Amino acid sequence: MGKASKNRNLADKVRKTKTSTVIKNNPFEVKINRKKFDVLGRKTKHDVGLPGVSRSKAITKRKETLLKEYKQKNKSNKLIDRRLGEYDSKMAPEDKILQRFAMERQRLHGKKDMYNLNEEEELTHYGQSLAEMEKFNDMVESDDESEEKGLLSAELTASHFGGGGGLLRKKTTGEQQDEGGQRTKSRQELIEELIQKSKQEKRERQVQKEEAQELTEKLDQEWKSIQALMVKKTPKDQETDKPEEKPKLDQYDMMVRELGFEMKAQPSEKMKTPEEFAREEREKLQKLEADRLRRMLGEEVEVSGPSQTHMSADDLNDGFILDKNDKKTLSYQDGKWNEDGEGGDSEEDEGEEDGHSDLDSDRESKEDEEQEEYEETDAKAETSLSKEELKAQQDAAKAELPYTFTAPESYSDLKDMLHGHTPDNKRLIVARTQKCNHPSLAVGNKLKLQKLLGFLLEYIGELATNSPPELTTIDKLIPELYTLCQMFPEAACKAMQGILRDAAHGMEEMLEVKGHVPSPTLDMIIYLKVTALLFPTSDFRHPVTTPALLYISQALTKCPVRSLQDVTSGLLLCCLALEYISFSKRFVPELINFLLGTLNLAVQDKASLGYTVVLPFKPSGKYSDLLVLSDSESCKSWSKKSLPLFTNERLELKTELDKDHHRLTCLSTCLDLVKRCCLLYKDLTSFTHIFQPITTLLSKHFPAQTLPELLQALHSGILEAVNSVAVTHCPLVFEKKKPIPLKLLTPKIVEVLDYGKKRGSNKEEREKERLTHKYKKEFKGALREIRKDSRFLAREKLNDIMKKDAERKRKVRELFGSLATQEGEWKALKRKKRK
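Basis of the calculations
- Residues numbered from 1 in each chain as written.
- Predicted model: local features only at pLDDT ≥ 70, side-chain atom pairs only at ≥ 80, totals over all residues.
- Heavy atoms only, no water.
- Helix = DSSP H or I, 4+ residues; strand = E, 2+ residues; numbered from the N terminus.
- Buried < 20%, exposed > 50% of the residue type's maximum accessible area, 1.4 Å probe, protein only.
- Contact = heavy atoms within 4.5 Å.
- Areas by Shrake-Rupley, 256 points an atom, 1.4 Å probe, with all protein chains shown as cover.
- Salt bridge = Lys/Arg side-chain N within 4 Å of Asp/Glu carboxyl O.
- Phe/Tyr/Trp six-rings, centres within 6.5 Å; stacked < 30°, edge-to-face > 60°.
- Axes fitted to C-alpha atoms, helices over the stretch in contact; angles between N-to-C directions.
- Parallel < 35°, antiparallel > 145°, perpendicular 65-115°, else oblique.
- Left-handed = near helix turned anticlockwise from the far one by under 90°.
- Nonpolar A, V, L, I, M, F, W, Y, C, P; charged D, E, K, R; others polar.
- Core = buried A, V, L, I, M, F, W, Y, C linked by side-chain atoms within 4.5 Å.
- Patch = residues over 30% accessible without salt bridge, like charges linked within 9 Å, V, L, I, M, F, W, Y side chains within 5 Å.
- Lys, Arg positive; Asp, Glu negative; His and termini not counted.
- Charge placed at Lys NZ, Arg CZ, Asp CG, Glu CD.
- pLDDT = per-residue confidence, 0-100.
- 1 Å grid on protein atoms, 1.4 Å probe; cavity = no way out; pocket = protein on both sides within 12 Å on 5 of 7 lines; lining within 4 Å.
- Points joined across faces, edges and corners; volume = space filled by probe spheres on them.
- Expected span 1.5 Å × (residues − 1).
- Polar contact = N/O pair within 3.5 Å; in protein donor to acceptor, adjacent residues only side chain to side chain.

1. What to know about the overall build of the protein chain
Here's step 1: Tallying secondary structure elements over the protein chain gives 28 helices and six strands in all.
Here's step 2: The buried share among the 835 residues of the protein chain stands at 23%.
Here's step 3: For the protein chain, the share of sequence-separated contacts (at least 6 apart) that also reach a separation of at least 24 residues comes to 66%.
Here's step 4: If you sum the accessible surface of the protein chain, you get close to 67200 Å²; carbon and sulfur atoms cover 54% of it.

Printed below as a string of structure tokens:
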């Protein structure tokens, strides 16, 4: 009973496990595609299935088709069975085997059968059987072997293997008797005999070679004597009859020959680098400074300078010197002209030269003695003069300008160094400072000269603010400033940018605080002028000149004109602007506007002008008549002058006559600038439009008749220049005629009676719509399937990569495990050895 109950319980457990593995389907998850009615000949798509079944079917299908194609992609190796009858289903297997065996036997009896050594055919070589030759019964004979085949000669065996002495021991007794009872030779004697024989043979070969060489040389000499007889020569009478025709030289050949006779250029001195020039200049200045210091202390200074020789006006300065020995004299003797000099042909001339040589030597010795006495007296006189004027010489040396200067470390050092000197001496001091501190002479000189550049700019600004301004000193220092700018362009650019930036910021702050900006001071005008001298003004965009030109434009626009001093400052800025654009011919509207406003200041009647005046000028008011003359008689005493720069700061005009003269000077400068602008902008297409206000003012409102003749000539010259420019382009204006509109088509209106239905007018359109709809449907389905295929391939690729990675990790773990095992075994073995 116990066993039966146990078996029953075991069967129940197995049954439970089987039923548990079966997945119970949820009836709500079963998908049923119902169909309304059956149609004969139509495939039904209304199947009943579980969720995911269709997806698993599609995956299985892709694995059987798409996955196999992917795995066989780019693989061309295939196993093709080319056995006879393999793909013939009509042949029986026995027939296939028989035909294959027949083909194999036929192949063996072909050309390849001759190399098969397993056959019983006999192979021969030169008529002899290879099987017999392999037995090695017949040995190949050698030149050194005896007549007996297969055996070495007795002499060869004794000499090589018996040590030479064995040969004598193996000789027969009959041979010893033939020798006549002579003693046996030892091994050493035999070896010496062999050496003597070899030397004798070598000597004989050498003698034969020498004899052959002698015979060859003898034969060559005899051949040369015979060769002259074999050459056929033409007789002399025939040679004279036929003169040799020389080929005419081509023009190129003649030029080549002429170039060959020309004098070749001689090597000149090596060109010196800027560093070498700077080093020489510094050494020269240091030497001059040392001489000056010695003169200050009363020491004698050696004057070591090249003696100046007289140079004629025809001297080419090419270093050619006529040697004294080349001079020859012409004499008349015995009715013949003789040329005396070095290398004469006549013996009489040589005798005469020998006769006069003693007299010449005596004369030269006397002249040398007289010259020495004269130099001694001069030296005594000089020593006496130097003692008397020693104090004066020391004072002159102290007053002399030093030749070496150290670079200033601050602006105050520069001021102290230049204080109390004339403008020329200031220029010399700056130039000598540059030469003594050239960047190539020491490491820190570059930074020192860059600081000197900034100090000089600051010093020039201070000189411009003095009263009166030291314009001569500024003019002298600008060349040295230009030299420093060429050496350090980046430092000069940064320094000038800082000055312009500060000026622009000051103008903006003043405009925000007071609402107006005063005219630029003289130091700023000097800086703008220096900028035009140091940097290029014709560039399209430059880091220094472009901001400078913008500053000039802002000053001409934002600085109001309220006095003659403002007019003078504005005209100076106009001169600078015109200098900036003289090469680039860039159009500056602020310049034209300021010139128009300046001319408007001379017009007294400002009613119905025909043009407008904008800032910084006012069309009417207190400051609109600044250039109107108070007295017309002042024109008679006026003479043309240039605008002085120092009047920009303090314009001192005490009388009305001085004011009128200054007004005329301003008008002259303004008209001159207008004329220069006309010549500069005459090639512009909008020239007439730009200068139309100025032309209207000069032709209708400007009082040219009351002005001096010089201004009247400028006035008429400007009008002629403007009228002479041909009008090539008219200003752009809108057309007066109304544009023709484009042709428009009337839209086609189609009434739609049945909304939501796709209906066509005829059968063809309906068929076209049906095909279009079917095409779109199939196209969407194809796209959907392609996307599914792409996802399937991507998933399979990822699975392959993961499998490879897992396999690689497994192998790596196995390798590490084996290495760890080996390491443990090695350590255990090492411990055993230690024990």
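Here the narrative resumes, following the displayed structure.
2. What to know about the pattern of salt bridges
Here's step 1: This model, assessed by the stated rule, comprises 17 salt bridges.
Here's step 2: A salt bridge links Glu 86 to Arg 83, with the nearest nitrogen and oxygen atoms 3.3 Å apart.
Here's step 3: Glu 86 gets classed as partly exposed once you look at its relative accessible area, which sits at 29%.
Here's step 4: We note a salt bridge from Glu 823 to Lys 827, for which the minimum N-O separation is 3.4 Å. Of this pair, Glu 823 and Lys 827 both sit in helix H28 (residues 763–834), four residues apart, roughly one helical turn.
Here's step 5: Relative accessible area serves as the criterion here: at 43%, Glu 823 is assigned to the partly exposed category.
Here's step 6: The exposure class of Lys 827 is partly exposed, given its relative accessible area of 38%.
Here's step 7: Connected via shared salt-bridge partners are Asp 81, Arg 83, Glu 86 and Arg 100.

3. Focus: the packing of aromatic side chains
Here's step 1: Here the structure, examined in full by the defined rule, presents three aromatic pairs.
Here's step 2: Here the aromatic rings of Phe 587 and Tyr 681 are separated by 5.6 Å at their centres, their planes lie at 70°, and the arrangement is edge-to-face. Taken together, the residues span a long stretch of sequence, with Phe 587 in the loop between helix H22 (564–580) and helix H23 (589–600) and Tyr 681 in the loop between helix H24 (656–680) and helix H25 (687–690) at a distance of 94 residues.

4. Brief notes about the packing of helix H18 (residues 471–487) against helix H20 (residues 522–534)
Here's step 1: Look at H18 against H20: their axes get within 11 Å of each other, and the N-to-C directions meet at 40°. By the criterion of interaxial angle, the relationship of H18 to H20 is oblique. H18 and H20 meet at a crossing whose hand is right-handed. Of the residues in H20, those touching H18 at Leu 471, Ile 474, Ile 478, Leu 481, Tyr 482 and Cys 485 are Ile 526, Val 530, Leu 533 and Leu 534.
Here's step 2: A breakdown of the residues in the contact of H18 with H20 according to their chemical character gives 10 nonpolar, no polar and no charged.

5. Some points on the nonpolar core
Here's step 1: Leu 528, Ile 581, Leu 599, Phe 691, Leu 698 and Phe 702 are the most contacted members of the largest nonpolar core, which totals 109 residues.
Here's step 2: Sequence-distant contacts of Leu 698, defined by excluding residues within four places in its chain, comprise Leu 599, Leu 671, His 715, Ile 718 and Leu 719.

6. As for a positive patch on the surface
Here's step 1: Among the surface-exposed residues, Arg 55, Lys 63, Lys 71, Lys 75, Arg 784, Arg 787, Lys 788, Arg 791, Arg 795 and Lys 803 lie close enough to one another that they form a single positively charged patch.
Here's step 2: Within the residue set of the positive patch, elements represented by two or more residues are helix H2 (53–64) and H28.
Here's step 3: Following the sequence through the fold, Arg 787 ends up in helix H28.

7. Considering the confidence of the model for the protein chain
Here's step 1: Residue-level pLDDT values for the protein chain average 75, and 69% of them are 70 or greater.
Here's step 2: Scored below 50 in pLDDT, residues 140–152 shows eight contacts in the model against residues more than four places distant or in partner chains.
Here's step 3: The low-confidence segment residues 303–327, where pLDDT is below 50, has four contacts with residues more than four positions distant or belonging to other chains.

8. Notes on a negative patch on the surface
Here's step 1: Taken together, the side chains of Glu 210, Glu 211, Glu 214, Glu 217 and Asp 220 make up a negatively charged region of the molecular surface.
Here's step 2: Positionally, Glu 217 belongs in helix H9 (residues 187–230).

9. Let's talk about unusual backbone geometry
Here's step 1: For the bond running from Ser 467 to Pro 468, omega is -5°, close enough to zero to count as cis.
Here's step 2: Along the chain, the position of Pro 468 falls in the loop between helix H17 (445–465) and H18.
Here's step 3: Omega for the bond connecting Leu 615 with Pro 616 falls within 30 degrees of zero, at 15°, which places this linkage in the cis form.
Here's step 4: For Pro 616, the position within the fold is in the loop between H23 and H24.
Here's step 5: Positive phi is not limited to glycine here, since Lys 585 has a value of about 55°.
Here's step 6: Mapped onto the secondary structure, Lys 585 falls in the loop between H22 and H23.
Here's step 7: Take Lys 585: its relative accessible area is 44%, and that puts it in the partly exposed class.

10. Re empty space enclosed by the protein
Here's step 1: Going through the model one piece at a time under the given rule, you end up with one cavity of 30 Å³ or more.
Here's step 2: Roughly 60 Å³ of volume is contained in the largest cavity.
Here's step 3: Around the largest cavity, the lining residues are Ser 519, Pro 520, Ala 555, Leu 556, Cys 559, Pro 560, Val 561, Asp 566, Ser 569, Gly 570, Leu 573 and Phe 594.
Here's step 4: When residues of the lining of the largest cavity are traced back to their parent elements, those giving at least two are helix H21 (545–558) and H22.
Here's step 5: With four residues, H22 is the single largest residue contributor to the lining of the largest cavity.
Here's step 6: Considering only residue class, the lining of the largest cavity consists of eight nonpolar, three polar and one charged.

11. So, helix H26 (residues 692–701)
For an α-helix, the turn length of 3.6 residues means that residues three or four places apart are oriented alike.
Here's step 1: Among the residues making up H26, those that are buried are Ile 694, Thr 695, Thr 696, Leu 697, Leu 698 and His 701.
Here's step 2: If you follow the buried residues of H26, they end up packed against H23, H24 and helix H27 (709–724).

12. Regarding helix H19 (residues 489–514)
Here's step 1: Here H19 contains 26 residues, and its C-alpha end-to-end distance of 37 Å stays within 8% of the 38 Å for a straight helix at 1.5 Å per residue.
Here's step 2: Along H19, the residues classified as buried are Ala 491, Ala 492, Cys 493, Met 496, Gly 498, Ile 499, Leu 500, Ala 503, Ala 504 and Met 507.
Here's step 3: Against H17, H18, H20 and H21 lie the buried residues of H19.

13. Observations regarding the packing of H20 against H22
Here's step 1: Two numbers describe how H20 lies on H22: the axes approach to 10 Å, and their chain directions differ by 10°. Here H20 is positioned roughly parallel relative to H22, judged by the angle of their axes. Listed contacts from H22 to Ile 525, Leu 528, Lys 529, Thr 531 and Ala 532 of H20 are Ser 569, Leu 572, Leu 573, Leu 576, Glu 579 and Tyr 580.
Here's step 2: For the contact of H20 with H22, the class distribution of residues is seven nonpolar, two polar and two charged.

14. Looking at a nonpolar patch on the surface
Here's step 1: Together, Val 812, Phe 816 and Leu 819 line one region of the surface with nonpolar side chains, adding up to about 290 Å² of accessible area.
Here's step 2: By the element assignment, Val 812 lies in helix H28.
Here's step 3: Accessibility expressed as a relative area gives 31% for Val 812, which makes it partly exposed.

15. Examining the side chain of Arg 663
Here's step 1: Structurally, the position occupied by Arg 663 is in helix H24.
Here's step 2: A distance of 2.7 Å separates a polar side-chain atom of Arg 663 from the backbone oxygen of Leu 626.
Here's step 3: In contact with Arg 663, other than residues within four places in its own chain, are Leu 564, Leu 626, Leu 627, Val 628, Leu 629, Ser 630 and Glu 656.

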